[in-house]
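Tertiary structure, described
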Amino acid sequence: YCGVFGIYGPGLDVARLTFYGLFALQHRGQESAGIAVADGWRVQLHKGMGLVPEVFDGRTLAELQGHIAIGHVRYSTTGTSHPVNAQPLVFRYARGTLGLAHNGNLTNAARLRRELAAAGAVFQTSTDSEIIVNMIARHAREEIENSLLACMDEMAGAYSLVILTPEKLVAVRDPHGFRPLCLGRLGEAYVVASESCALDTIGAVFVRVDNHD
């Protein structure tokens, strides 16, 4: 399945809240866990193999300072069980730094990978997620929202994504809602998660679930 979580919460300890959100989603993936945090200027990342409490402790969470965070727990669907395939993926491209956490599968992944590789893309992982990374980079002239819309025109399958830049949190689900995302509020903060149990764990109020056209 994999589980994804995202929060935009100025003034909050977003890394710790993401930790608890991922802990609630642990049943969706036990292979690896990761959190990326943005503070308006930079993106920091910590990830590793194992369960959420094995990958993170008080020290690592304290080092992840910012007001935007995304997190991921992985269950292998495509790609081998290897540290390089742990998420979120954080990369630099023409518009700066971007972090991505992905749940789902692209049914046209093989074709997209061949086309991107033929155009010069370099792949370091064996996951569908890196295909999306390269597609975003290919549309780097666009703002991230427009870039994602262009990518979705080419992507087929069931997926949900949480993406951060140094300044933004963006949540995406496939046009048919096969991989829905729950939206919640924690005071003035916005929260998205694969399941509402992650919202409950951090005390966020459920707003809606996006799971239809």
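In what follows, the structure referred to is the one given above.
Now for a look at the structure at hand. Since the structure is predicted, the reported quantities are computational estimates derived from the model, not experimental observations.

With respect to unusual backbone geometry
The omega torsion of the bond from Gln-87 to Pro-88 falls at 5°, within 30 degrees of zero and hence cis. If you trace the backbone, Pro-88 turns up in the loop between strand E4 (68-74) and strand E5 (89-93).

Considerations on helix H1 (residues 14-24)
Counting buried residues along H1, eight of its eleven residues qualify, which places the element largely inside the surrounding structure. Of the residues making up H1, those classed as buried are Val-14, Ala-15, Leu-17, Thr-18, Phe-19, Gly-21, Leu-22 and Ala-24.

Examining the pattern of salt bridges
Scanning the model with the defined rule gives eleven salt bridges in all. Arg-95 serves as the salt-bridge partner of Glu-143, at 3.0 Å between the closest nitrogen and oxygen. With Glu-143 in the loop between helix H5 (128-138) and helix H6 (144-154) and Arg-95 in the loop between E5 and strand E6 (96-106), the pair connects residues that are 48 residues apart, well separated along the chain. When its relative accessible area of 40% is taken as the criterion, Glu-143 is described as partly exposed. When its relative accessible area of 40% is taken as the criterion, Arg-95 is described as partly exposed. A salt bridge links Lys-168 to Glu-143; its shortest N-O distance comes to 3.8 Å. Highlighted residues: Lys-168 in the loop between strand E7 (157-164) and strand E8 (169-173) and Glu-143 in the loop between H5 and H6, separated in sequence by 25 residues.

Things to note about the sheet that holds E5
Sheets are built from strands paired through backbone hydrogen bonds, the pairs being either parallel or antiparallel. The four strands are arranged E5-E6-E7-E8 in an open sheet whose pairing can be described as antiparallel. Looking along the sheet, the strands with just one partner apiece sit at the ends: E5 and E8. On average, adjacent strands in this sheet sit at an angle of 25° to one another, irrespective of strand direction. Where E7 and E8 come together, five bridges link them in antiparallel fashion. Bridge assignment links Ser-160 to a residue of E8, and that residue is Arg-173. Contacting E5, E6 and E7, H5 crosses the sheet at an angle of about 135° to E6.

With respect to the pairing of E7
Judged by how many residues are buried, E7 sits mostly within the fold: seven of eight residues are covered. As paired elements, E6 and E7 share eight bridges and run antiparallel to each other. Among the inter-strand pairings, Leu-100 is bridged to a residue of E7, identified as Ile-163. Here E7 folds back onto E8 in antiparallel fashion, the turn holding four residues.

A closer look at the pairing of strand E10 (residues 189-193)
Counting buried positions along E10 gives four out of five residues, so the element sits mostly inside the fold. Examined bridge by bridge, strand E1 (residues 3-8) and E10 share four bridges and lie antiparallel to one another. Note that in E10 the partner of Tyr-8 across the bridge is Tyr-190. In terms of strand pairing, strand E9 (residues 181-186) meets E10 through five bridges, oriented antiparallel. Directly across from Leu-186, in E10, lies its bridge partner Ala-189. If you look at the hairpin formed by E9 and E10, you'll find two residues sitting between the two strands, and Gly-187 has a positive phi there, around 65°.

Conventions we followed
All residue numbers refer to positions counted from 1 along the written sequence of the respective chain. Reporting of local features is limited, given that this is a predicted model, to residues whose pLDDT is at least 70; pairs of side-chain atoms are given and counted only at 80 or more, and all residues count toward the totals for whole chains, interfaces and linings. As a rule here, side-chain values come from all non-hydrogen atoms in the structure, and water together with hydrogens is ignored. Note on conventions: DSSP H or I runs of at least 4 residues are helices, E runs of at least 2 residues are strands, and numbering of each starts at the N terminus. Residue exposure (1.4 Å probe, protein chains only): buried if accessible area is under 20% of the type maximum, exposed if over 50%, otherwise partly exposed. Salt bridges are defined as contacts in which a side-chain nitrogen from Lys or Arg sits within 4 Å of a carboxyl oxygen from Asp or Glu. Note on pairing: DSSP must find at least two bridges between two strands before they are called paired. Lines are fitted to the C-alpha atoms to define the axes, a helix being fitted only along its stretch in contact, and any angle between axes, read from their N-to-C directions, falls within 0 to 180 degrees. Contacts are residue-level and defined by heavy atoms, with any inter-residue pair within 4.5 Å sufficient.

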